[in-house]
Each structure stands twice: as C-alpha cells, then as structure tokens.
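Residue-level structure breakdown
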Amino acid sequence: YLLQQIAANKVYIEYIEKGYGIARKGLNTIQRIKQGDFDLHRDFINALSNVNPKVKNYTRVADIIAYQLRIVKEAKTVISNLKESNQFNREELDYSKAVFERLLEECLKSMDELFLVITSGELQMKDDERIKRIDGLYLDMQDKYAFCKSFSEECSVLAMQRLMEKGEINLSKRLNGLK
C-alpha cells in the first residue's frame, strides 16, 4: 500500500513540476509582454519630447521671427520719429513708449513659447500639435504686427496733422500781420 502511495506521489510531483513549469513560462511570457508594452509607451512618450527637424524648419517659424524683428524695428523708428517731430509732449511720448514696450513684452512671450515648442525636451507634443501651436503663434504675431503698423500710422498721421496745423496757424498769423 505504501509503495502505491509513493508511486502516486511521484506521479503527482511530476504533474506539479510540469504545472509549475508551465506557470513559470506563462509568467515569464507575461513579464516580457508587459515589459515590451512599457518600453513602447516609454519610447512614445520620449518621442513626444523630441522635435522633428521638419517642425523646427517649418516656414512659419522663420516668419514669426521676421515679424518680431519688424516690430522691434518699427517701434524704434516710430519713437525716434515722434521725438524728432517735436509735435508731442512728454506724456504723449511716454504713452507711445509704454504701448510699444507692452507690445514688445507680448512679442517676447510669444517668442519664448515658440522656442519651447521647437526645442527638444521642453514639451511633450505630437508633431501635429506642435505645428498647430506654431500656426497659432504665427497668427498672433501677425495681429501684433498689424497693431504695430496701425499704431505707428496713427502716430505719424497725428504728427503730420499737428505740423500742418502749426504751419496753417503761422501762415494765418503772417497773413494777418500778427507775427
């Protein structure tokens, strides 16, 4: 009877060893699948941090920078012309400077955001998200440039009107013999 029990236990031990072997292989397979899935997700997330060179070289990036340069140049020119025209008092000049300074601050914020979008390791975005953000910054910079041109023209027109008024007043004085 004991020999039968020992023989049955040996058979059970073999079944248990085979079962543990199958379970171990299954767990190792599951572990490899899980690690592979983790690696895929890690690589995908890391890829989101890298900027595609085509995104960096997107034409709108250069256009945004060009708008920035035009705005800076326009602001300097207008402030200089307003001073030289002698048609504005100190408060008006300070106001004009403040408007341009605020505009330039907003432009710098846009440029900072642009450089975040096109610099690897800064933001985790897909290429289409980066392009969409660059397009948004481009439209924003276009608006800023349009405002800069409009404000510049208004200042120039006001200076010309004041200069013409002074000329008309002086001419009127001379014609009426008041000077």
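Residues numbered from 1 in each chain as written. Predicted model: local features only at pLDDT ≥ 70, side-chain atom pairs only at ≥ 80, totals over all residues. Heavy atoms only, no water.

A word on the overall build of the protein. Looking only at helices and strands, the protein features five helices and zero strands. When its helices and strands are written in sequence order, the protein yields α-α-α-α-α. Its C-alpha radius of gyration of 37 Å places the protein more than 25% over the 16 Å reference for a compact globule of 179 residues. Considered along the principal axes of its C-alpha atoms, the protein spans approximately 145 × 30 × 15 Å. Counting over 179 residues, the protein shows a buried share of 23%. For the protein, the accessible area works out to roughly 13200 Å², and carbon and sulfur atoms hold 58% of it. On the protein, the mean spot of the 29 positive side-chain charges and the mean spot of the 27 negative ones are 4 Å from each other. (Helix = DSSP H or I, 4+ residues; strand = E, 2+ residues; numbered from the N terminus. Rg over C-alpha atoms; globule rule 2.2 N^0.38 Å. Buried < 20%, exposed > 50% of the residue type's maximum accessible area, 1.4 Å probe, protein only. Areas by Shrake-Rupley, 256 points an atom, 1.4 Å probe, with all protein chains shown as cover. Lys, Arg positive; Asp, Glu negative; His and termini not counted. Charge placed at Lys NZ, Arg CZ, Asp CG, Glu CD.)

Going through the model one piece at a time under the given rule, you end up with five aromatic pairs. Ring centres of Tyr67 and Tyr138 lie 5.9 Å apart, and the angle between their planes is 55°; on these two criteria the pair is classed as tilted. Residue Tyr67 is found in helix α3 (residues 59-85), and its partner Tyr138 is found in helix α5 (residues 127-175); the two are separated by 71 residues along the sequence. Here the two residues Tyr67 and Tyr138 agree in accessibility, since each one is buried. An aromatic cluster of three or more residues is present, and its members are Tyr95, Phe100, Phe147 and Phe151. (Phe/Tyr/Trp six-rings, centres within 6.5 Å; stacked < 30°, edge-to-face > 60°.)

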